[in-house]
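In case you want the letters, here they are:
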There are 2 protein chains.
Amino acid sequence: MAKPTDALQRLRRVHEDAVLDALRSSGALSRTELINRTGLSRTTLFAIISEMVERGAVVEIEAPVSGARGRGRPATLVALSPEAGQLIGLDLARHRVHLAVANVSHQIIATGMEDVPEGAGVTEQAEAAVRLIRRVIEERGVRLGALEAIGLGLVGVMDDPVLPAGIVPARYTPVTELLEREFGVRVAVDNNARLAALAENTWGAARSVDDMVYVRWSVGVGGGFIVGGRLVRGAHGAAGEIGHVSLDPAGPPCHCGSRGCLERRIGGRALLESCAARGILLAGLDALVAAAQDRVPEVCELISAAAADLGRILADTVVQLDPERVVVGGEFASLGSLVLGPIRAAIARLSLPNSPRAIEVIPADLGANASAMGAIALLLHEEPAIPAHLRPARD
Amino acid sequence: MAKPTDALQRLRRVHEDAVLDALRSSGALSRTELINRTGLSRTTLFAIISEMVERGAVVEIEAPVSGARGRGRPATLVALSPEAGQLIGLDLARHRVHLAVANVSHQIIATGMEDVPEGAGVTEQAEAAVRLIRRVIEERGVRLGALEAIGLGLVGVMDDPVLPAGIVPARYTPVTELLEREFGVRVAVDNNARLAALAENTWGAARSVDDMVYVRWSVGVGGGFIVGGRLVRGAHGAAGEIGHVSLDPAGPPCHCGSRGCLERRIGGRALLESCAARGILLAGLDALVAAAQDRVPEVCELISAAAADLGRILADTVVQLDPERVVVGGEFASLGSLVLGPIRAAIARLSLPNSPRAIEVIPADLGANASAMGAIALLLHEEPAIPAHLRPARD
């Protein structure tokens, strides 16, 4: 619930947002125009503007001279700083670091990636991330003086011991510390499947959809939910772990400690093992997807059955969260109806079929950079997505 | 996501909230004090205040005379109107209408209930609700001139054909129309299990808990989720339907159109049938709960097994939503560890056991009036709980 005490804190953020929105939609505005647009007092508006000038979020420019404006000092306008508010998004995936850079207008202006060796430690991943950032900003001529914050997507549950400064899991502090040291900005973290959900909600297959279920079906199975327009993190940063819903409480043990988890049955690794057990030896996930695209019957059967299992779990999620759209990402999503068909059928059959609702099930729009882009979205949509203690320091 | 275009709309609501919060926490304040407290411009503040005076939300009072204040007109203070902002919450349950009345300080000042005959139509329910309101306000001396809005809890999914004016399911429009006609205020509706969740989050077992799963285990099985401090409604008003998660897609058909639904297996009606099949004839839900309290072995076994089924579904919900607390309401919750034990065990076993989290499973605090109280909470927490089109008209 909105606590009464939140209101005054919220006020300042809403004031800043209102100023930024006015500038985004109208370009440069005078302080008087901003006062009229936002309803803020002169004192409040001036204080907000000078603080935003200070931190480089907005700049003061001279108004173009016009006859109607009359005599006196040329008016000063306030505008979004063209170099302000650059954001970097990183995704430390299992074998690869992905990068995206966004400008103040929330446009992605550069992306990149760098492989890290299988089994690389957190420090190696962090160093690869720093190299990747330096390389991309050099190649693309991105100026780093305007960098405001770094968003970081990580594998796994975020509920490790909580540090005083934030909720970065202890195992990842070498990464955040290195990034903070190298680039002098705050680093916000979240689970990378959740960030992919946020990216699809910001730029992709569920843009502006307020209630959305995202599942990433890849080597593992992850997910993220947008509920009422906000990313769901959970009380311990563990929300969205669709892959660890149990299909069978008596099933084989999973690394999460439970049994019969969805990921254990339909994750890329499990499907490769199932193929191998049938004498179909495939080099990896890409080969598995390619075999399905080539319509190898056993592979298609396996994946279709796996999609039905996924659909059954998603049907439960749909019953509980009642989304407008279900977005399926990850490598398997490229298989189209082979995968989407069984999911749609399960949802139609098991999710309140007598209360007909238009729940779309569609493939994700964004590719391998989705989580890095989501890490930028995490920074952009501070209010809904970042808890207060994670918000980049503003002064 | 917070859309840029939302910000200015949000602004006005936040301004009003800030004024109300300041008045709630400090009592009467002068306009100058309110300007200082809220950072609003004189123009904005005066406009807001005069609009709030007009609709009776605040009143102007004379400041107590004090030496320091000096000469001139006595200062006028603004205060919350003691008679403003009364809210009525109604719950049209299956056989009974529940009522709660709250004052401007969000205190429940009266409750009441009235039975309606089994199988009563919507119109009969509505008439019973009007009678109940009239009776309670007369008995308790509640003045209705200050009534601001009525919240209404309803059984079932809210995704029936949407009316232009709101999301009241078509089958309930006779109720909302009668209430609007009789009392001249807007009526906001929501599912009554979700409203019970909201009430527990506002006054009960999960007060101020931002991430909470609520299940109501009674004749049926309903639920409601609070995620990031907000009630989850879903895209079609159907979120929280835990009772219609399928335990067994090949199981017996359910009225919702799916098969093997949790409610079909563990709802009070199903358990009474199971008892009957074992030769234990019980008059109804109260008798079933009493038999369990009397430790009738077969009844305890049945209920304990049902709690394990519920726990299995709740474990999935916990994996996906990662709440801080699970609250179990409804008649079965009064059975304590017989019910909570198996639920806790299932969650501990199936919800990311290797990522130890403190997830409490506790019984609900509020009784039969929970949903009526939740209907008041729906009105109180307008911003998080009521979509814009449901918000009581303000001018």
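The shown structure was predicted, so the numbers you read here are calculated from the model rather than taken from an experiment. (Residues numbered from 1 in each chain as written. Chains lettered and ligands numbered in written order. Predicted model: local features only at pLDDT ≥ 70, side-chain atom pairs only at ≥ 80, totals over all residues. Heavy atoms only, no water.)

Draft legend 1. Structural view of the relation of the copies chain B and chain A. Of the two same-sequence chains, chain B is brought onto chain A (RMSD 0.1 Å, axial shift 0.0 Å) by a rotation of 180 degrees. What the superposition gives is, in effect, a two-fold axis relating one chain to the other. Taking C-alpha positions as reference, the residue of chain B nearest the rotation axis is B:S41, located at 1.7 Å. Both copies present the same face, since 100% of the interface residues in chain B are matched by interface residues at the equivalent positions in chain A. (Least-squares fit on C-alpha atoms with pLDDT ≥ 70 in both. Contact = heavy atoms within 4.5 Å.)

Draft legend 2. The sheet that holds strand β10 (residues 221-227) of chain B, seen in detail. Residue and element names in this part refer to chain B. Pairing in this open sheet of five strands is mixed, and the strands run β11-β10-β9-β12-β13 from one edge to the other. The sheet is open, and its two borders are formed by β11 (230-231) and β13 (360-363), each paired with just one other strand. For strand β9 (residues 212-217) and β10, the ladder comprises six bridges, and the chain directions are antiparallel. Bridged to W217 within β10 is V221. Packed onto the sheet, helix α11 (residues 337-350) meets β9, β12 (325-329) and β13 and runs at close to 160 degrees relative to β13. (Pairing = 2+ DSSP bridges. Helix = DSSP H or I, 4+ residues; strand = E, 2+ residues; numbered from the N terminus. Axes fitted to C-alpha atoms, helices over the stretch in contact; angles between N-to-C directions.)

Draft legend 3. Representation of the packing of aromatic side chains within the structure. Residue and element names in this part refer to chain A. Applying the stated criterion to the full structure yields two aromatic pairs over all chains. An angle of 25 degrees between the planes, with centres 4.5 Å apart, marks the rings of W217 and F332 as stacked. Here W217 is found in strand β9 (residues 212-217), whereas its partner F332 is found in the loop between β12 (325-329) and α11 (337-350), with 115 residues between them in sequence. With a relative accessible area of 0%, W217 lands in the buried category. F332 gets classed as buried once you look at its relative accessible area, which sits at 0%. (Phe/Tyr/Trp six-rings, centres within 6.5 Å; stacked < 30°, edge-to-face > 60°. Buried < 20%, exposed > 50% of the residue type's maximum accessible area, 1.4 Å probe, protein only.)

Draft legend 4. Seen up close, the interface of chain B and chain A. Chain B puts 75 residues into the contact, and the matching count from chain A is 75 residues. Of the roughly 6,000 Å² buried between chain B and chain A on both sides combined, carbon and sulfur atoms contribute 56%. For the interface between chain B and chain A, the tally reads zero salt bridges. Counting every contact that joins chain B to chain A gives 21 residue pairs in polar contact (both at pLDDT 80 or more). Those elements giving two or more residues to the side of chain B that touches chain A turn out to be α1 (6-26), α2 (31-38), α6 (192-202), β10, β11, α10 (297-321), α11 and α13 (382-385) of chain B. (Buried area = accessible area lost by both parts, 1.4 Å probe. Salt bridge = Lys/Arg side-chain N within 4 Å of Asp/Glu carboxyl O. Polar contact = N/O pair within 3.5 Å; in protein donor to acceptor, adjacent residues only side chain to side chain.)

Draft legend 5. Just the pattern of salt bridges, in detail. Residue and element names in this part refer to chain A. Counted according to the given criterion, the structure contains 22 salt bridges over all chains. Two residues, R194 and D190, come together in a salt bridge whose shortest N-O distance is 2.6 Å. Classification of R194 as buried rests on a relative accessible area of 1%. Its relative accessible area of 0% is what places D190 among the buried residues. The partner of R265 in a salt bridge is D309, with the nearest N and O atoms 3.4 Å apart. With R265 in helix α7 (residues 262-266) and D309 in helix α10 (residues 297-321), this pair connects stretches of sequence that are 44 residues apart. Taking the relative accessible area as the measure of exposure, R265 reaches 40% and is therefore partly exposed. You can call D309 buried: its relative accessible area is 18%.

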